[in-house]
Amino acid sequence: MKGREFAHQDVLNAPGVIVVNESMARFGWPKEDPVGRAIRLGGPNGPRLTVVGVVGDVPIRGLDEPLRRQFFRPYTQAAWPVMNIVVRTATAPITFTAPIKKALAEVLPDRPVSQVETMEDIVRDSTGSRRFPMLLLTAFSLLALVLAAVGIIGVVSYSVTQRTRELGIRMALGARSGDVLSLVLRGSVKWVLLGLVVGIAGSIGFARLLSSMLYGVRPIEPAVLGAVSALLTGVALIASYIPARHATKVDPTIALRYE
């Protein structure tokens, strides 16, 4: 993001360098450019390390962990007993496992290579504990949507049955099928809109309870609320249309004799 990455000249006898993440840059140099600044690692007598670059924040132990201040040192200046090697591939990464191991064995024959994983596997493992609750919530949400649609069909059908005589009189006096359809749908839409208002208010109120299960998304997302509201409205209108359409086929003669 700023400065440079590590280079071949950053060897053991060269001046010590580090790359810091955004969080550390904001903490250590909030109003200054950190590139070119230096820190003492381990106290006043520690090695002097110059910041040569700034990189983005990266979660280490999971996507949902708080972002921490981090700095990175080149392996050529601060070797560790264990290191990770990241390889970007043009096609399926898993097919490159054998060639990568062979190439590393030629360069570092005394360094064993283990635990080869694709980035998809790493991300999947970090979100594994959240996947099952997410599937349960999805299943319950779909079940609630189906039950809501069935409930709307039942309620509107009952309302149409109760108003059969009224609808017959309207049609006998000249009401068209579209007028009857509009009459029934207006009555349903009024309650649907009221339900949406209450539901959105409730979802905003309970958003804080779900925030601990989310990462990378805001608990209150206007686009999501809008899309879900549109979906529920569409389902409610379709569920209301079925009995409303049936009401337009009422025979006025039979409806007038209905009790």
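Residues numbered from 1 in each chain as written. Predicted model: local features only at pLDDT ≥ 70, side-chain atom pairs only at ≥ 80, totals over all residues. Heavy atoms only, no water.

**Examining the overall build of the chain**
Applied cut-off: Numbered from the N terminus, helices here are DSSP runs of H or I no shorter than four residues, and strands are runs of E no shorter than two. C-alpha atoms define the radius of gyration, and 2.2 Å times the number of residues to the power 0.38 defines the globule rule. Per-residue accessibility, obtained with a 1.4 Å probe over protein chains only, is compared with the maximum for each type, and a residue is labelled buried under 20%, exposed over 50%, and partly exposed between these values. Whether two residues are in contact is decided by their heavy atoms, any of which lying within 4.5 Å being enough. Values of accessible area rely on a 1.4 Å probe in the Shrake-Rupley scheme; residue burial ignores everything except the protein chains shown. In this count, Lys and Arg are taken as positive residues and Asp and Glu as negative ones, while His and the chain termini are left out. Taken as the charge centre is NZ of Lys, CZ of Arg, CG of Asp or CD of Glu, depending on the residue.
When its secondary structure is counted, the chain shows nine helices and five strands. Ordered by position in the sequence, the α and β elements of the chain form the string β-β-α-β-β-β-α-α-α-α-α-α-α-α. The C-alpha atoms of the chain give 32 Å as radius of gyration, which overshoots the globular expectation for 259 residues (18 Å, by more than 25%). Along the longest, intermediate and shortest principal axes, the C-alpha atoms of the chain span 105 × 50 × 25 Å. Counting the 259 residues in the chain, one finds 21% classified as buried. Of the contacts made within the chain by residues no fewer than 6 positions apart, 70% connect residues no fewer than 24 positions apart. As displayed, the chain has an accessible area near 18600 Å², and 64% of this comes from carbon and sulfur atoms. Side-chain charges of the chain comprise 29 positive and 19 negative groups, with the mean position of each set lying 6 Å from the other.

**Focus on the packing of helix α4 (residues 128–162) against helix α8 (residues 222–247)**
Let me state the cut-off plainly: To define axes, lines are fitted to C-alpha atoms, for helices over the stretch in contact only, and angles between the resulting N-to-C directions are given on a 0 to 180 degree scale. Throughout, the term roughly parallel applies to angles under 35 degrees, roughly antiparallel to angles over 145, roughly perpendicular to angles from 65 to 115, and oblique to all others. Take the far helix as your reference; a near helix turned counterclockwise from it by less than a right angle gives a left-handed crossing, and one turned clockwise gives a right-handed crossing.
It is at 9 Å that the axes of α4 and α8 come closest, and there the two elements cross at 30 degrees. On the basis of the axis angle, α4 is roughly parallel to α8. Read as a crossing pair, α4 and α8 show a hand that is right-handed. Note on element contacts: α8 touches α4 through L231, L232, V235, A236, A239, S240, I242, P243 and A247, opposite L145, A149, I152, I153, V156, S157 and V160.

**Things to note about the packing of aromatic side chains**
Filter applied, for reference: Note on aromatic contacts: the rings of Phe and Tyr and the six-membered ring of Trp form a pair at centre separations within 6.5 Å, being stacked when their planes are under 30 degrees apart, edge-to-face when over 60 apart, and tilted otherwise. Only when the NZ atom of a Lys or the CZ atom of an Arg is both within 6 Å of the ring centre and within 35 degrees of the ring normal do we say a charge sits over the ring.
Enumeration according to the criterion identifies zero aromatic pairs in this entry. Residue placement shows R69 over the ring face of F27; its charged tip is 3.8 Å from the ring centre.

**Re the pattern of salt bridges**
In plain terms, the rule: In what follows, salt bridge is the name for a side-chain nitrogen of Lys or Arg lying within 4 Å of a carboxyl oxygen of Asp or Glu.
Counting across every chain of the model gives five salt bridges. Between R4 and D10 there is a salt bridge, with its nearest N and O atoms 3.0 Å apart. For D10, a relative accessible area of 3% corresponds to the buried category. For D57, the salt bridge is made with R26, and the minimal N-O distance between the two is 3.7 Å. Here the residue D57 occupies a position in the loop between β4 (48–55) and β5 (71–72), and R26 occupies one in helix α1 (residues 22–28), the gap between them amounting to 31 residues.

**Quick word on the nonpolar core**
Grouped burial of nonpolar side chains is what soluble globular proteins tend to show. Basically, it comes down to this: Only buried residues count toward a nonpolar core. Its members are Ala, Val, Leu, Ile, Met, Phe, Trp, Tyr and Cys residues joined through side-chain atoms within 4.5 Å.
Counting 11 residues, the largest nonpolar core consists of V156, V160, L167, M171, V180, L181, L183, V184, L185, A244 and A247. Of the residues forming this core, the biggest block, five residues, is contributed by helix α6 (residues 177–205). If we ignore the near neighbours within four places in the chain, the residues touching A247 are V160, L167, M171, V180 and V184. One finds V20, M24, I39 and V51 within the second-largest nonpolar core, a separate group that totals nine residues.

**As for α4**
Selection rule: One less than the residue count of a helix, multiplied by 1.5 Å, gives the span that helix is expected to have.
In a regular helix each residue adds 1.5 Å, so 35 residues correspond to 51 Å; α4 covers 52 Å between its end C-alpha atoms and thus fits that length. Burial in α4 covers these residues: A149, V156 and V160. On its buried side, α4 packs onto α5 (164–172), α6 and α8.

**Details of unusual backbone geometry**
In this structure, Q115 is a non-glycine residue whose phi angle is positive, near 55 degrees. Position of Q115 among the secondary structure elements: in the loop between α2 (97–107) and α3 (119–126).

**What about the pairing of strand β2 (residues 16–21)?**
Note the cut-off: Should DSSP find at least two bridges between two strands, the strands are taken to pair.
Burial analysis of β2 places six of its six residues in the buried class, which makes it a mostly covered element. Burial of β2 is two-sided: the residues G16, I18 and V20 facing one way and the residues V17, V19 and N21 facing the other way are all buried. Sheet analysis places β2 next to β4, joined by six bridges and oriented parallel. Bridge pairing in β4 links V17 to T50. Looking at chain direction, β2 and β5 are connected through two bridges and run antiparallel. Opposite V20, over in β5, you have F71 as the bridge partner.

**So, the environment of F6**
With respect to the helices, strands and loops of the structure, F6 is situated in the loop between β1 (2–3) and β2. Looking at F6, the relative accessible area reads 31%, which means it is partly exposed. Considering only alpha carbons, one finds F6 and G234, 228 residues apart in sequence, at a separation of 55 Å. Aside from chain neighbours lying at most four places away, what touches F6 is V17, I18, V19, F72, R73 and P74.

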